[in-house]
Amino acid sequence: MTSSDIRKAYISFFVKRGHKEITPSPLVPENDPTTLFTSSGMQPLVPYLLGEKHPQGTRLVDSQRSFRAQDIEEVGDNRHTTFFEMLGNWSLGDYFKKEQLTWFFEFLTKVLKLDSNKLYVSVFEGNKDIPRDIESASIWKNLGISDDRIFYYPASKNWWSRSGPPEKMPVGEPGGPSSEVFYDFGTQHSNAFGQKCHPNCDCGRFIEIGNSVFMEYKKTESGVEKLSQKNVDFGGGLERLTMAVASEPDIFKTDIFYPIINQIEKTSGKNYIDNLNKKAMRVIADHLKASIFMIADGVLPSNKTQGYTLRRLIRRSIVYCKDLGIVNGVDIIRAVVPAVVNIYKDYYSYLSAKQQQITLVLEEEALKFSKTLEKGLREIEKTEKIDGKIAFKIYETFGFPWEMTQELVHKRGDTIDRTEFEREFEKHKQLSRSTSSGMFKGGLADHSVETTKLHTATHLLHAALRKVLGVHISQKGSHITDKRLRFDFSHPQKMTNEEIKTVEELINQQINKNLPVTFTIMSYKDAVAKGALAFFSEKYQDKVKVYTIGPANAGWFSKEVCGGPHVDFTSKLGSFRIIKEESAASGVRRIYAVVNN
Ligand code: SER
């Protein structure tokens with residue numbers, strides 16, 4: 001069975017058992033400002049695990065693309081990756097332990113045909129508030145898992161919530177004891193990881209292939225309390241299940257990775273089996289794959305939030321290319337992108353439609369970085385002691401993200417402290433703030449009638465661009481005078497004449513409909529939950545003003561967190577016209593537009 005067959009089989013197994021297949025969320029979560037990336041299947045389902053009714057019912061299944069930034073430096077061993085797919089099934093107050101464990105066991109042994117003697121399981125050992133999970137242990141026993149393959153672990157291993165064990169959970173967060181299944185690859189244990197090997201040992205012999213979380217608790221001020229419903233939150237790494245099916249202890253040798261490694265071998269002229277080069281090849285394969293999926297979901301390299309992580313992934317790949325003797329980052333990108341698109345052609349067919357755009361973004365970033373890479377590396381080499389201040393200079397001058405300099409410093413056996421780097425960064429930010437005296441509040445030069453109209457036009461433009469070009473569009477800057485608006489937004493390529501025309505038409509339709517422009521005041525969290533666009537979250541106070549163009553509740557055209565002012569009805573704009581579209585910076589386009597009545 002290939003990874004693609006496994007995904008299909010899993011979804012159909014649970015659909016046959018009454019589950020509805022739901023649409024996975026993009027890698028950048030929608031309406032969730034608390035986190036940068038979707039990192040597990042349950043993330044978009046939190047409100048429903050807490051008791052809200054899900055429109056598709058109480059049994060759900062999907063395969064969720066996920067990214068875990070905290071694992072960037074772990075990549076290089078036989079199993080860690082930053083990007084992965086999580087097969088997930090959920091019971092929202094429906095079935096519980098018996099059905100979940102029995103079905104998963106059936107899926108593993110009957111559908112995937114894994115040898116049950118190679119399966120080990122873990123259950124929660126209990127603590128002062130939550131009982132030992134003897135129920136799960138006894139279900140496993142009845143399914144044929146002998147006592148010596150059932151392990152009890154504390155909350156650090158067998159409790160799952162988005163923030164870890166109970167003491168780390170914020171009040172209101174759902175969580176619960178979990179039961180994991182491990183596959184025994186039978187590889188040699190190394191004492192470097194402890195005297196005795198066991199399922200949670202890090203030597204690589206046992207690999208976790210599925211986690212059933214019995215999410216029936218919620219954090220309170222004093223401990224935990226039961227939720228109004230008992231949920232099941234299951235997540236299993238597709239890549240790891242593929243390893244088990246192929247009996248292949250190296251994730252990079254499975255069908256979901258090897259075609260990428262193959263391209264890296266060809267480009268570098270080096271063999272993967274040669275141990276010296278394994279880590280570099282694994283890092284490049286993982287990071288470029290993750291970057292491709294991020295770009296496809298609308299992320300562009302930048303110095304902030306998701307864009308910064310993407311930049312770090314691309315730049316880190318380029319540094320590892322150097323270890324393999326690949327001097328031109330573009331070569332590796334041209335070899336790897338088609339391989340990734342081909343691996344995922346069945347399930348993520350949108351990748352091929354975006355292949356050209358993805359390649360362009362990657363190439364541009366690689367070229368930009370290649371120009372300074374050598375110089376930056378030389379600077380690090382020749383500097384005897386690198387402190388935070390120098391690391392900041394290297395960041396500013398050569399574009400080396402902090403983590404990369406830190407890694408290079410660690411590699412040569414030195415240490416480096418982040419505090420000084422942060423201090424320099426802050427100083428630099430303040431300096432640029434105080435020197436940008438030409439900035440206008442909220443991008444407005446004044447509050448004249450003309451400027452106000454153009455401000456409303458900017459909201460219409462923002463919403464229209466997202467509808468025509470896609471949700472990757474985000475505002476990067478705005479400047480309005482009484483003559484014209486200027487709007488900068490993330491988009492990797494020039495807009496076509498056709499696209500410009502469609503955007504203009506869409507806006508003029510809204511003007512002709514004479515839609516009301518209204519505002520309400522609410523918490524920032526509610527604003528985001530209601531779908532309001534809010535791109536400068538660090539600036540916002542707890543209560544914000546949300547402007548809506550169109551009906552306030554359903555069917556609105558635009559909703560944005562904004563201080564105003566705006567016209568009261570869109571017909572006041574008369575008509576809208578784009579007068580220029582050009583590049584503003586790498587990955588950022590600029591539109592000049594006017595209104596006229
Ligand atoms: N939420 C759990 C995990 O991420 C199970 O889906 O492991």
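Positions within a chain are numbered from 1, following the residues in the order the chain's sequence is written. Residue-level local features of this predicted model are given only where pLDDT is at least 70; pairs of side-chain atoms are given and counted only at 80 or more, and the full residue set underlies all totals for whole chains, interfaces and linings. Based on all heavy atoms of the structure, the side-chain values leave hydrogens and waters out of the count.

Peer 1: Which residues make up the overall build of the protein, and what are the values?
Peer 2: If you tally the helices and strands in the protein, you get 18 helices and 16 strands. The globule rule puts the C-alpha radius of gyration for 597 residues at 25 Å, and the 26 Å found for the protein is close to it. The dimensions of the protein, computed from C-alpha atoms along their principal axes, are 80 × 60 × 45 Å. The rule is simple: take the accessible area with a 1.4 Å probe, protein chains only, and divide by the maximum for that residue type; under 20% is buried, over 50% is exposed, in between is partly exposed. Taking all 597 residues of the protein together, 56% fall into the buried category. For the protein, the accessible surface area stands at approximately 26900 Å², while carbon and sulfur atoms represent 50% of it. A residue counts as positive if it is Lys or Arg and as negative if it is Asp or Glu; His and the chain ends are not included. In this description, the location of a charge corresponds to atom NZ of lysine, CZ of arginine, CG of aspartate or CD of glutamate. Looking at charge distribution, the protein has the averaged site of its 82 positive side-chain charges lying 3 Å from that of its 74 negative ones. Numbering of helices and strands runs from the N terminus, with a helix taken as a DSSP run of H or I at least four residues long and a strand as a DSSP run of E at least two residues long. In this description the radius of gyration comes from C-alpha coordinates, and the expected globular size is given by 2.2 Å times residues to the power 0.38. Only the protein chains shown count as covering a residue, and every accessible area follows the Shrake-Rupley method with a 1.4 Å probe.

Peer 1: An account of the site of the ligand is needed here, citing residue identities and associated values.
Peer 2: Here a residue counts as near a molecule or strand whenever at least one of its heavy atoms sits within 4 Å of it. In the vicinity of the ligand, the residues found are Ser40, Met42, Arg68, Met86, Trp160, Asn211, Val213, Asp233, Phe234 and Gly235. Contacts described as polar in this section are N or O atom pairs within 3.5 Å, which, within protein, must combine one atom able to donate a hydrogen with one able to accept it, while residues neighboring in sequence count only if both atoms come from side chains. Contact distances for the ligand include 2.7 Å between a nitrogen atom and a side-chain N or O atom of Asp233. In this structure, an oxygen atom belonging to the ligand sits 3.0 Å away from a main-chain N or O atom of Gly235. For the ligand, the protein covers 95% of the area, taking 240 Å² as the surface of the free molecule. In a pocket analysis with a 2 Å cut-off to the grid points, the ligand is assigned to the second largest pocket. Elements that contribute at least two residues to the shell around the ligand include exactly strand 8 (206–219) and strand 9 (224–237). If you tally residues by element for the shell around the ligand, the top one is strand 9, at three residues. Using only the protein atoms, space was sampled on a 1 Å grid; points where a 1.4 Å probe fits but cannot get out form cavities, open sets with protein on both sides within 12 Å along at least five of seven lines form pockets, and lining residues are those with an atom within 4 Å of a point. Put plainly, a molecule is in a cavity or pocket when over half of its atoms are within 2 Å of the grid points there.

Peer 1: Account for the pattern of salt bridges, with residues named and values stated.
Peer 2: Here, a salt bridge means any Lys or Arg side-chain nitrogen found within 4 Å of an Asp or Glu carboxyl oxygen. One pass over the structure, following the stated rule, counts 33 salt bridges. Notably, a salt bridge pairs Glu73 with Arg312, separated by 3.1 Å at the nearest N-O pair. Of the two residues, Glu73 sits in the loop between strand 2 (59–67) and strand 3 (83–92) while Arg312 sits in helix 9 (residues 305–323), which places them 239 residues apart along the sequence. Between Glu365 and Arg311 there is a salt bridge, with the nearest N and O atoms lying 2.8 Å from each other.

Peer 1: Break down helix 10 (residues 329–343) for me, with residues and values.
Peer 2: For a helix, the expected span equals 1.5 Å multiplied by the number of residues minus one. Taking 1.5 Å of rise per residue, 15 residues should cover 21 Å, and helix 10 covers 21 Å from first to last C-alpha, within 8% of that figure. Burial analysis of helix 10 places 11 of its 15 residues in the buried class, which makes it a mostly covered element. The contact definition used throughout considers only heavy atoms, calling two residues in contact when any of these lie within 4.5 Å. On its buried face, helix 10 sits against helix 7 (258–268), helix 8 (275–296), helix 9, helix 11 (350–353) and helix 12 (355–382). Residue Asn328 occupies the N-cap position of helix 10, its side-chain oxygen lying 3.0 Å from the main-chain nitrogen of Val330.

Peer 1: Tell me what's going on with the packing of aromatic side chains, and back it up with residues and numbers.
Peer 2: Geometry of aromatic contacts follows a simple scheme: Phe, Tyr and Trp rings, the Trp one being its six-membered ring, pair when their centres are within 6.5 Å, and the pair is stacked under 30 degrees between planes, edge-to-face over 60, tilted otherwise. Taken as a whole, this structure holds 35 aromatic pairs when the rule is applied. For the ring pair Tyr258 and Tyr272, a centre distance of 6.2 Å and an interplane angle of 75° mean the geometry is edge-to-face. Residue Tyr258 is found in helix 7, and its partner Tyr272 is found in the loop between helix 7 and helix 8; the two are separated by 14 residues along the sequence. Of the residues examined, Tyr272 reaches a relative accessible area of 0% and is grouped as buried. Above the ring of Tyr120, the side-chain terminus of Arg149 is found at 6.0 Å from the ring centroid. Counted as over-ring charges are cases with an Arg CZ or a Lys NZ within 6 Å of the ring centre that also lie within 35 degrees of the ring normal. Note that Lys289 overlies the ring of Phe257, its terminal NZ or CZ placed 3.7 Å from the centroid.

Peer 1: So what's going on with helix 4 (residues 134–142)? Which residues, and what values?
Peer 2: For helix 4, the complete set of buried residues consists of Ser136, Ala137, Ile139 and Trp140. One face of helix 4 carries all of its buried residues, which in axial projection span an arc of 160°. Structural note: helix 4 exposes Ile134 and Asn142 on the side pointing more than 90 degrees away from its buried face. Those residues of helix 4 that are buried lie in contact with helix 3 (97–111), strand 4 (119–124), strand 5 (150–153), strand 7 (174–184) and strand 8. Gly144 lies just past helix 4 and shows a positive phi near 110°. Note: the arc covers the axis-to-C-beta directions of the helix.

Peer 1: Let's hear about the pairing of strand 8: which residues, and what values?
Peer 2: Across the 14 residues that make up strand 8, a large majority, 12, are buried. In this sheet, strand 8 lies alongside strand 7 in antiparallel orientation, the contact comprising nine bridges. Looking across to strand 8, one finds that Glu180 is bridged to Asn211. DSSP-based pairing: two strands are paired if at least 2 bridges between them are found. The antiparallel hairpin formed by strand 8 and strand 9 contains four residues in its connecting segment.

Peer 1: Give me the lowdown on the sheet that holds strand 15 (residues 576–585), citing residues and values where you can.
Peer 2: The antiparallel open sheet is built from four strands, whose spatial order is 10-11-16-15. Of all the strands in the sheet, the pair left with one neighbour each is strand 10 (475–480) and strand 15. Each strand of the sheet is rotated relative to its neighbour by a mean of 20°, with strand direction disregarded. Relative to strand 11 (residues 485–490), strand 10 runs antiparallel, the two sharing five bridges. Looking across to strand 11, one finds that Gln475 is bridged to Phe489. Between N-to-C directions, angles span 0 to 180 degrees; the directions come from axes that are lines fitted to C-alpha atoms, helices contributing only their stretch in contact.

Peer 1: Which residues make up the environment of Phe185, and what are the values?
Peer 2: The topology assignment puts Phe185 in the loop between strand 7 and strand 8. A relative accessible area of 13% places Phe185 in the buried class. In sequence terms Phe185 and Leu310 are 125 residues apart; their C-alpha atoms lie 33 Å from each other. Those residues in contact with Phe185 that sit more than four places away from it in its chain are Arg205, Ile207, Met243, Ala244, Ser247, Glu248 and Pro249.

Peer 1: I'd like to hear about the layout of surface pockets, residue by residue, with values.
Peer 2: Grid points are joined across faces, edges and corners, and a volume is the space filled by probe spheres set on the points. Empty space within the second largest pocket amounts to approximately 1400 Å³. Looking at the second largest pocket, it is lined by 45 residues, and the ones nearest its centre are Arg68, Asp71, Trp160, Glu180 and Glu208. Contributing elements (two or more residues each) for the lining of the second largest pocket: strand 3, helix 5 (155–158), strand 6 (159–161), strand 7, strand 8, strand 9 and helix 6 (238–246). Each residue is assigned to one class: nonpolar for Ala, Val, Leu, Ile, Met, Phe, Trp, Tyr, Cys and Pro, charged for Asp, Glu, Lys and Arg, and polar for all the others, Gly among them. For the lining of the second largest pocket, the residue count by class is 15 nonpolar, 18 polar and 12 charged.

Peer 1: Residues and numbers for unusual backbone geometry, please.
Peer 2: Unlike most non-glycine residues, Ser247 shows phi in positive territory, near 50°. Its place among the elements puts Ser247 in the loop between helix 6 and helix 7. Positioned with a positive phi, Asn514 is a non-glycine residue whose angle comes to about 50°. When you line up the elements, Asn514 lands in the loop between helix 17 (497–512) and strand 12 (517–523). A relative accessible area of 33% means that Asn514 is categorised as partly exposed.

Peer 1: Summarise the side chain of Asp488; cite the residues concerned and give the values.
Peer 2: Structurally, the position occupied by Asp488 is in strand 11. Looking at Asp488, the relative accessible area reads 9%, which means it is buried. A polar side-chain atom of Asp488 sits 2.7 Å from a polar atom in the side chain of Arg590. Once residues within four sequence positions are removed from consideration, Asp488 is found in contact with Ser474, Gln475, Lys476, Gly477, Ala584, Val588, Arg589 and Arg590.

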